[in-house]
Amino acid sequence: MARGARDSAKQGQRYVYADAVVVCGGAQTEPGAGDVLSNPTAIVNVLSRSTEAFDRGEKWEGYQRLPCLTDYLLVSSWHVRIEHHRREGDGSWRYRVLERGDTIALANGAQISVDAIYDGAFALEAD
């Protein structure tokens, strides 16, 4: 999983940051832009009130154009809920909401429980 690298939402035109990125087979970057991943297979964004509309809208539209992307995850920071967009074999996207007790299954076969992701996340009271 890579952190801090930019993703190309529109090659050569629009670069965005994800909260976490998974690449398989080694990271590839865009020519002339060593910090821009061109082959993310899974992208994770943690939703915040200031970025939620962008993460669901323009950013997601750009990500759908990446041929290597198979999984896009939107992680709620308010409650235990992960939205998973997964590319199917025919190129269409399947949408699924995952909550407590569920397991995320990425297209590459990796799995993780939703409970493990949120373990201790809400242990402290918010301001």
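Preceding block: the structure.
Residues numbered from 1 in each chain as written. Predicted model: local features only at pLDDT ≥ 70, side-chain atom pairs only at ≥ 80, totals over all residues. Heavy atoms only, no water.

Asks: What should I look at first to understand the overall build of the protein chain in this one?
Replies: In terms of regular secondary structure, the protein chain is built from three helices and eleven strands. Seen in sequence order, the protein chain has helices and strands lined up from the N terminus as β-β-β-β-β-β-α-α-β-β-β-β-β-α. In the protein chain, of all internal contacts separated by at least 6 residues, the share reaching a separation of at least 24 is 39%. Summed over its atoms, the accessible surface of the protein chain is roughly 7,400 Å², and 48% of this surface lies on carbon and sulfur atoms. (Helix = DSSP H or I, 4+ residues; strand = E, 2+ residues; numbered from the N terminus. Contact = heavy atoms within 4.5 Å. Areas by Shrake-Rupley, 256 points an atom, 1.4 Å probe, with all protein chains shown as cover.)

Asks: Which parts of the structure should I look at to understand the sheet that holds strand β3 (residues 20–22)?
Replies: Each strand in a sheet pairs with another by means of backbone hydrogen bonds, the pair being arranged parallel or else antiparallel. Strand order across the open sheet formed by five strands is β3-β6-β7-β8-β9, with mixed pairing between neighbours. Sheet topology places β3 and β9 (93–98) at the edges, where each strand pairs with a single neighbour. The average undirected angle you get between the axes of adjacent strands in this sheet is 15 degrees. In this structure, strand β7 (residues 71–75) lies alongside strand β8 (residues 82–87), joined through five bridges in antiparallel fashion. In the sheet register, Val75 faces β8, and the bridge partner there is Ile82. (Pairing = 2+ DSSP bridges. Axes fitted to C-alpha atoms, helices over the stretch in contact; angles between N-to-C directions.)

Asks: Whenever I open this one, the pattern of salt bridges confuses me. Can you help?
Replies: Any two side chains of opposite charge can pair, given that their charged atoms come close. Counting across every chain of the model gives five salt bridges. Between Asp55 and Lys59 there is a salt bridge, with its nearest N and O atoms 3.1 Å apart. A single burial state applies to Asp55 and to Lys59, both of which are buried. Between Glu83 and Arg56 there is a salt bridge; the shortest N-O distance is 2.6 Å. Of this pair, Glu83 sits in strand β8 while Arg56 sits in helix α1 (residues 52–56), and the two are 27 residues apart along the sequence. Bridged by salt links that share partners, the residues Glu52, Arg56, Arg81 and Glu83 form one connected network. (Salt bridge = Lys/Arg side-chain N within 4 Å of Asp/Glu carboxyl O. Buried < 20%, exposed > 50% of the residue type's maximum accessible area, 1.4 Å probe, protein only.)

Asks: What is the right way to read the pairing of β7 from this model?
Replies: In the case of a regular strand, side chains alternate between the two sheet surfaces. Most of β7 is tucked away: five of the five residues are buried. The alternating pattern of β7 places Asp71, Leu73 and Val75 and Tyr72 and Leu74 on opposite faces, both of which are buried. In the sheet, strand β6 (residues 42–46) pairs with β7 via five bridges, with the strands oriented parallel. Opposite Ile43, over in β7, you have Tyr72 as the bridge partner.

Asks: What's the story with the pairing of β8 in this structure? I'm lost.
Replies: Most of β8 sits inside the fold, with five of its six residues counted as buried. Linking β7 back to β8 in an antiparallel pair, the connection comprises six residues. Taking the residues that link successive antiparallel strands as the turn, the β8-β9 hairpin has five residues, and the phi of Gly91 there is positive, at about 95 degrees.

Asks: Whenever I open this one, the nonpolar core confuses me. Can you help?
Replies: One broad trend across soluble globular proteins is that nonpolar side chains are buried collectively. Counting 13 residues, the largest nonpolar core has Leu73, Ile82, Ile104, Val114 and Tyr118 as the members making the most contacts within it. Among the elements of the structure, β3, β6, β7 and α3 (114–118) are those that each provide at least two residues to this core. Sequence-distant contacts of Ile82, defined by excluding residues within four places in its chain, comprise Leu73, Leu74, Val75, Arg96, Val97, Leu98, Ile104, Val114, Ile117 and Tyr118. Counting residues in each nonpolar core, the second largest holds twelve residues, with Val21, Tyr63, Leu66 and Leu74 among its members. (Core = buried A, V, L, I, M, F, W, Y, C linked by side-chain atoms within 4.5 Å.)

Asks: I would appreciate a short explanation of the packing of aromatic side chains in the present structure.
Replies: How two aromatic rings sit relative to each other is given by the distance of their centres and the angle of their planes. Here the structure, examined in full by the defined rule, presents four aromatic pairs. With a centroid separation of 4.9 Å and 5 degrees between ring planes, the pair formed by Trp60 and Tyr72 is classed as stacked. Here Trp60 is found in helix α2 (residues 58–63), whereas its partner Tyr72 is found in strand β7, with twelve residues between them in sequence. Just as Trp60 is buried, Tyr72 falls in that class too. Ring plane angle 75 degrees and centroid distance 4.9 Å describe the contact between Trp60 and Trp93, whose orientation is recorded as edge-to-face. In this pair, Trp60 sits in helix α2 while Trp93 sits in strand β9, placing the two residues 33 residues apart along the sequence. Taking relative accessible area as the criterion, Trp60 reaches 10% and is therefore assigned buried. (Phe/Tyr/Trp six-rings, centres within 6.5 Å; stacked < 30°, edge-to-face > 60°.)

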